Amino acid sequence: MAPALSKLANNQSAIVGVAGMTAALWIIAYGKMSNKKRKSGYEDKIQYTIAEKKEKKAGKAHVNSVFFKQLRQLLPILIPGFWSVETGLLFLVAAALIGRSVSDIWMIQNATVVESTIIHMNRTKFKTALLKYLTALPAISVVTNVLKWSLGELKLRFRTNLTHHLYSQYLNGYTYYKMSNLDNRIANADQLLTTDIDKFCESATDLYSNISKPVLDIFIYVYRLTVNLGGKTPSILMLYLLFAGVFLTRLRRPTGRLTVEEQKLEGEFRYVNSRLITNSEEVAFYQGNVREKLTLLASYSKLRSHLRKFLEFRVSMGIIDNIIGKYFASIVGFYAVSIPFFADNHPLLSGEQSGQRLQAYYTYGRMLVKLAEAIGRLVLAGREMSRLAGFTARMTELIKVLGDLNKGTYERTMVNGNNITQSLGDAAGSSFGPNKGVMCFEDNIIRFEQVPLVTPNGDVLLKELTFEVKSGTNVLVCGPNGCGKSSLFRILGELWPTWGGKVTKPSRGKLFYIPQRPYMTLGTLRDQIIYPHTREDMRRMGQSDEDLMHYLDIVQLTYLEQRENGLDAIEDWIDVLSGGEKQRVAMARLFYHRPQFAILDECTSAVSVDVEGKMYSYCREVGITLFTVSHRKSLWVHHNYYLQFDGRGSYEFAAIDQDKEHFGS
């Protein structure tokens, strides 16, 4: 037994190697086999889809010419110009990296000197060398932290530049609306505009550092070693770098695709959670908590399965990366450093004493080890580059979609084209399609001339609509759900494209829309009334707080001003105000802006009839012409015409007279 244990002890390295290889193979095999057993069943119980274009297959993200082309498109956004602060930070990072490499070389040489004095038992030189080593450490620490600060500031500036650029595109006109409601190439813009931007900038900054430092180290150490030991030793390591880089880059190709899928599923899970928050009241009335829980867990299950798959891939690649990028690199480094020391007549080492040979080995051997480590880091940097390719693909796709939407182009799954032609009859033709209609701008009139009401996906609600309304003529719009009322207003508001005919209307600023559930912004009570203006805009319009109080008096909300800080009171108004109060604030907002035309979409449904009548009378007094969607009989007296849709593709536009039956409640 004892001899067996002795042999076992003498072969510890073999045992460790076999055990490590076995563990690695077990991890890979376990991940493959257990994938089939770990499905929770939520995905089988609950099936759902997030609106996204299905016909267009997403391109895979790889480190190739497409990736570098995409990166070149993003660089002008990240770095505005050569004389920008960002360029200065890049040079500062480069200078800090040079200082760090010089510090490494200095520490290698002086650490060798300190060790040499210990070996030779020279106490005086030991104290001198140790003091010299100690005095340099604060400067080296400063260099290291300057590098950290410059990288952090560079990432922050990259994110700021990219965020400002994307938001200037996203919030240009109605682009934010079109991305969510017209175009279905991107499902979760909020994920891209927040988390993905941060991860892209972090990955890009880290990659710059992780590539620049090893490249600089390789250049410095190759030069020093070539001068002192000859070119053969560093050449072996450089050849190994080339082989390992090509081999590992090929193996890492799935990383970009897996990164894109990870961010997509993260955004989907975030969206499902936000839906529950947005619709919490409706879910509560239906007591749908169990069903929503299943949906949330199904979404998380998809994310978890992918993350586990990605984790197993990273572990497998990590094993290969460590073997090739670190351990084999060290073995190749040991072999390379041994060449000059085993040479019989090497000019640097021949005839020297063993102590001097040992000092030379420590100096140049450590340089070779540092060179091997730099090569290993450069090889492993390919892993980060593959991950960056995934984020770059998502950023480029977002910029492309934003550019298309700002040009008026959108992509969406359409209904069958033959059905469109049949529905339109003679109206269909070369002049029919998204943005094929004519939009003209003229004050004090709204005119539709043979305009079809078509949804963005091509569903025809009305073959053609023709009517004319001049300022001072209020119109009551009625009809069943889905008949085209909202479509009419979306075309008027330029949210939807016109598919044909001609629309004449005032410019955007002279048309105002109030929905049934008015939007309350973050800010003061004053901000709710003047939205989307700021206080400075209000002053430029020549309006004052006294005017705002007059509007609140008309809608009988002056008691809101009696809160602490009055119009400057800051609350979470969407929760503080009741439904009726929100609708009255929205009407006060209408009085403040005083447009030529206003679209009121069931916006007084929670307001008493007497207050409602007072608000409509004031609109007529100040010359605001109204398009009202409502089913209240009490509102007929405030309108001159009615536009009624029957929900079967027909409509009626006529004057309201005493003989017309007032339908509604």
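This is a predicted model, so every value here is computed, not measured.

Colleague: Looking at this model, I keep getting lost on the overall build of the protein chain. Mind explaining?
Modeller: Across its full length, the protein chain carries 21 helices and 12 strands. When each of the 665 residues of the protein chain is scored for burial, the buried share is 42%. Sequence-distant contacts in the protein chain: of pairs separated by 6 or more residues, those separated by 24 or more amount to 79%. Here the protein chain displays about 35,300 Å² of accessible surface, and carbon together with sulfur accounts for 57% of that area.

Colleague: Explanation requested: the environment of Leu378 in the structure shown.
Modeller: Here Leu378 lies in helix α13 (residues 354–406). On the basis of relative accessible area, Leu378 is assigned to the partly exposed category, the value being 22%. Through-space distance from the C-alpha of Leu378 to that of Leu241 is 8.3 Å; in sequence the pair is 137 residues apart. With residues near it in sequence (within four places) discarded, Leu378 still touches Ile211, Pro214, Val215, Ile218 and Leu241.

Colleague: Looking at this model, I keep getting lost on the sheet that holds strand β3 (residues 460–470). Mind explaining?
Modeller: Two orientations exist for strands paired in a sheet by backbone hydrogen bonds: parallel and antiparallel. An order of β1-β5-β2-β3 is seen for the four strands of this open sheet, with the pairing classed as mixed. Single-partner strands in this sheet number two, and they are β1 (438–441) and β3. When strand polarity is set aside, the average angle formed by the axes of neighbouring strands in this sheet is 20°. When strand β2 (residues 445–454) meets β3, the two strands line up antiparallel, connected through seven bridges. When the bridges of β3 are listed, Phe448 appears paired with Phe467.

Colleague: Help me understand the nonpolar core, please; the structure alone is not making it clear to me.
Modeller: Soluble, globular proteins show a tendency: their nonpolar side chains are buried together. One finds Phe200, Phe448 and Phe627 to be the most contacted residues of the largest nonpolar core, which totals 64 residues. In terms of residue count, α13 provides more of this core than any other element does, 10 residues in total. The residues that make up this core include at least three from each of domain 1 (84–344 + 354–407) and domain 2 (431–655). Among residues more than four places away in sequence, those in contact with Phe627 are Ile446, Phe467, Val469, Val475, Val477, Phe489, Phe597, Ala598, Ile599 and Leu600. Counting 37 residues, the second largest nonpolar core, distinct from the first, contains Leu525, Leu557, Tyr592 and Leu626.

Colleague: Can you help me understand the side chain of Glu86 in this one?
Modeller: Note that Glu86 resides in helix α5 (residues 85–119). A polar atom in the side chain of Glu86 sits 2.9 Å from the side chain of Asn161.

Colleague: Just checking my understanding: could you explain the UniProt feature "transmembrane region" (unreviewed entry) in the protein chain for this structure?
Modeller: Under the present numbering, the feature "transmembrane region" (unreviewed entry) in UniProt falls on residues 12–30, 77–99 and 133–151. Secondary structure content for residues 77–99 is 74% helix and 0% strand, while the C-alpha to C-alpha distance between its ends is 29 Å. The distance separating the terminal C-alpha atoms of residues 133–151 is 27 Å; by composition the span is 100% helix and 0% strand.

Colleague: Teacher, can you tell me more about helix α21 (residues 609–622) here?
Modeller: One full turn of an α-helix is made of 3.6 residues, so residues set three or four places apart face in the same direction. The end-to-end C-alpha distance of α21, which contains 14 residues, comes to 20 Å, matching closely the 20 Å that a straight helix rising 1.5 Å per residue would cover. Of all the residues in α21, the buried ones are Val611, Glu612, Gly613, Met615, Tyr616, Tyr618 and Cys619. With its phi angle positive at about 85°, Gly623 sits one or two positions after the end of α21.

Colleague: Looking at this model, I keep getting lost on the packing of aromatic side chains. Mind explaining?
Modeller: Describing an aromatic ring pair means giving the distance of the ring centres and the angle of the ring planes. This model, assessed by the stated rule, comprises 15 aromatic pairs. Plain terms: the ring middles of Phe82 and Phe91 are 6.4 Å apart, the flat faces sit at 80° to each other, and that makes the pair edge-to-face. With 4.7 Å between their ring centres and 65° between their planes, Phe591 and Tyr618 make a pair best called edge-to-face. Placement of Phe591 in helix α20 (residues 579–593) and of Tyr618 in helix α21 is noted, with a sequence separation of 27 residues between them. Judged by its relative accessible area of 10%, Tyr618 falls in the buried class. Ring-pair connections join several aromatic residues into one group, and the members of that group are Phe448, Phe467, Phe597, Phe627, Tyr641 and Phe653. Against the face of Phe310 rests Arg314, its NZ or CZ located 4.6 Å from the ring centre.

Colleague: It is not clear to me how the packing of helix α18 (residues 545–554) against α20 should be interpreted in this structure. Could you clarify?
Modeller: Packed helices, taken two at a time, are described by their axes: the angle between them and the distance between them. Running from N to C, α18 and α20 point in directions that differ by 135°, and their axes come no closer than 9 Å. Comparing the axis directions of α18 and α20 gives the class oblique. The two elements α18 and α20 meet at a crossing, and its hand is right-handed. Taking contact as the criterion, the partners of Leu548, Tyr551, Leu552 and Ile554 in α18 are, on α20, Ala588, Phe591 and Tyr592. Considering only residue class, the contact of α18 with α20 consists of seven nonpolar, no polar and no charged.

About the thresholds
Residues numbered from 1 in each chain as written. Predicted model: local features only at pLDDT ≥ 70, side-chain atom pairs only at ≥ 80, totals over all residues. Heavy atoms only, no water. Helix = DSSP H or I, 4+ residues; strand = E, 2+ residues; numbered from the N terminus. Buried < 20%, exposed > 50% of the residue type's maximum accessible area, 1.4 Å probe, protein only. Contact = heavy atoms within 4.5 Å. Areas by Shrake-Rupley, 256 points an atom, 1.4 Å probe, with all protein chains shown as cover. Pairing = 2+ DSSP bridges. Axes fitted to C-alpha atoms, helices over the stretch in contact; angles between N-to-C directions. Core = buried A, V, L, I, M, F, W, Y, C linked by side-chain atoms within 4.5 Å. Domains from an automatic or database assignment. Polar contact = N/O pair within 3.5 Å; in protein donor to acceptor, adjacent residues only side chain to side chain. UniProt positions renumbered as here; feature names shortened; annotations may be inferred. Expected span 1.5 Å × (residues − 1). Phe/Tyr/Trp six-rings, centres within 6.5 Å; stacked < 30°, edge-to-face > 60°. Lys NZ or Arg CZ within 6 Å of the ring centre and 35° of its normal. Parallel < 35°, antiparallel > 145°, perpendicular 65-115°, else oblique. Left-handed = near helix turned anticlockwise from the far one by under 90°. Nonpolar A, V, L, I, M, F, W, Y, C, P; charged D, E, K, R; others polar.

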